[in-house]
Amino acid sequence: MRLDRFLAEMGAGTRKEVKKLIAGGSVSVNGSPEKRPDTHIDPEGDRVELNGVELHYTKYEYYMLHKPQGIISASRADLRSRDERCVVDLIDSSRKRELFPVGRLDKDTEGLLLITNDGKLAHELLSPKKHVDKTYYAELDRELSPDGALRLEAGVDIGDERPTLPCSIRLLEPCRILITIREGRYHQIKRMLLTEGCTVTYLKRLSMGPLELDESLKKGEYRPLSEHELSLLKDPMSGSSAHIQQ
Ligand code: URA
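Thresholds, definitions, all that
- Residues numbered from 1 in each chain as written.
- Predicted model: local features only at pLDDT ≥ 70, side-chain atom pairs only at ≥ 80, totals over all residues.
- Heavy atoms only, no water.
- Near = heavy atom within 4 Å.
- Polar contact = N/O pair within 3.5 Å; in protein donor to acceptor, adjacent residues only side chain to side chain.
- Helix = DSSP H or I, 4+ residues; strand = E, 2+ residues; numbered from the N terminus.
- Domains from an automatic or database assignment.
- Pairing = 2+ DSSP bridges.
- Buried < 20%, exposed > 50% of the residue type's maximum accessible area, 1.4 Å probe, protein only.
- Arc of directions from axis to C-beta.
- Contact = heavy atoms within 4.5 Å.
- Core = buried A, V, L, I, M, F, W, Y, C linked by side-chain atoms within 4.5 Å.
- Salt bridge = Lys/Arg side-chain N within 4 Å of Asp/Glu carboxyl O.

(A) How the structure looks around the site of the ligand. Taken together, Leu105, Asp106, Thr109, Tyr136, His187, Gln188, Ile189, Lys190 and Leu203 form the complete shell of residues around the ligand. Contact between the ligand and Ile189: a nitrogen atom at 3.1 Å from a main-chain N or O atom of the residue. Lys190 places a polar main-chain atom, nitrogen or oxygen, 3.1 Å from an oxygen atom of the ligand. For the shell around the ligand, the element with the most residues is helix α5 (residues 188-194), which contributes three residues. Per-domain counts for the shell around the ligand show at least three residues from each of domain 2 (62-128 + 211-234) and domain 3 (134-208).

Rendered as structure tokens:
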């Protein structure tokens, strides 16, 4: 990889800015000053320092976003128009073009969204076979009866080929529920509740597998996942409980 690209990807600046840093003698490769931006380096083998501080190569980025309403869950590549804004636009990263949301939340749904460029992990989390639990808080326009909750929990016909998989529901107050589903069908929760005559008026995702929304994040804010969160996602058995079922 070119030295200037490496530095830009590691967040040292734009391509133009890092070229200036290199020309100015701020960068060394394996202990020797390097002034040519097109020098090829091995990002995983060579030691690159900027002003004496080593830059460690990270190929993958993982962010927890508190998705606000009104913005679509898509990557830049998914968008038809350049003017449309998507969740990835909320992330300040030199790898923005590679980033995508893991799964989709409706435009009017808020809450936890994982954003990454790690396709393998995304595949693991989204695979229908893995049954990753997703818990949502929902507000309804009318009360969901205990019997209605039981019917939804057992699995319900929402007009797809198959009924929904069993889920779990906690009735909090007459029109407020917590619902945990193991699939990710289009508008799934809204469609499930409609079978009981309830319209979802507010929906927020609280967790996905072992990952829980950090409530200190305001809507629209994000942060990188901690090492612990990442290890739980990659190896759920390393946590206290396994949320990804095979
Ligand atoms: N179910 C829905 O209906 N909408 C979402 O955004 C997520 C799950």
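(B) Just the sheet that holds strand β1 (residues 27-29), in detail. Pairing in this open sheet of four strands is antiparallel, and the strands run β2-β1-β3-β4 from one edge to the other. Each of the sheet's edge strands pairs with one partner strand only, and the pair in question is β2 (32-33) and β4 (53-54). Here β1 runs beside β2; their pairing, made up of two bridges, is antiparallel. Bridging across to β2, Val29 finds its partner in Ser32.

(C) Region of the structure containing helix α6 (residues 227-234). Listed in full, the buried residues belonging to α6 are Glu229, Leu230, Leu232 and Leu233. Taken end-on, α6 shows its buried residues confined to a sector of 160°, consistent with a single buried face. Exposed residues lying more than 90 degrees from the buried face of α6 are Glu227 and His228. Next to the buried residues of α6 lie β5 (62-67), β7 (110-116), α3 (119-126), β11 (200-208), β12 (211-212) and β13 (222-224).

(D) Representation of the pairing of β11 within the structure. Buried residues dominate β11, accounting for seven of its nine residues. With two bridges joining them, β7 and β11 adopt parallel strand pairing. Directly across from Gly111, in β11, lies its bridge partner Arg205. Sheet topology places strand β8 (residues 134-140) next to β11; seven bridges connect them, and they run antiparallel. Each residue of the ladder has a partner; that of Tyr137, found in β11, is Lys204.

(E) Highlighting the environment of Gly31. Mapped onto the elements of the fold, Gly31 is located in the loop between β1 and β2. For Gly31, a relative accessible area of 49% corresponds to the partly exposed category. Taking the C-alpha atoms as reference points, Gly31 and Glu221, separated by 190 residues in sequence, lie 38 Å from one another.

(F) Spotlight on the nonpolar core. Membership of the largest hydrophobic core comes to 33 residues, with the highest contact counts inside it found for Ile115, Leu144, Ile179 and Leu193. If you list the elements that add at least two residues to this core, you get β5, β7, β8, α4 (146-154), β10 (176-181), α5 and β11. Looking at which domains feed residues into this core, each of domain 2 (62-128 + 211-234) and domain 3 (134-208) gives three or more. Not counting residues within four places of it along the chain, the set of residues in contact with Leu193 comprises Leu140, Leu144, Leu152, Ile177, Cys198 and Val200.

(G) Quick peek at the domain arrangement of the chain. In terms of domains, the chain is made up of domain 1 (3-55), domain 2 (62-128 + 211-234) and domain 3 (134-208). The C-alpha-based centres of domain 1 and domain 2 are spaced at 29 Å.

(H) Layout of the pattern of salt bridges. Per the counting criterion, the structure on display carries 24 salt bridges. Among the salt bridges present, the one from Glu9 reaches Arg95, with a minimum N-O distance of 3.0 Å. Here Glu9, found in helix α1 (residues 3-9), pairs with Arg95, found in the loop between β5 and β6 (100-101); they are 86 residues apart in sequence, far enough to count as distant. Judged on exposure class, the residue Glu9 and its partner Arg95 are both buried. Residue Arg176 pairs with Glu173 through a salt bridge whose shortest N-O separation is 3.9 Å. Relative accessible area serves as the criterion here: at 33%, Arg176 is assigned to the partly exposed category. Linked by salt bridges that have partners in common, Arg5, Glu9, Glu61, Arg95 and Glu98 make up one network.

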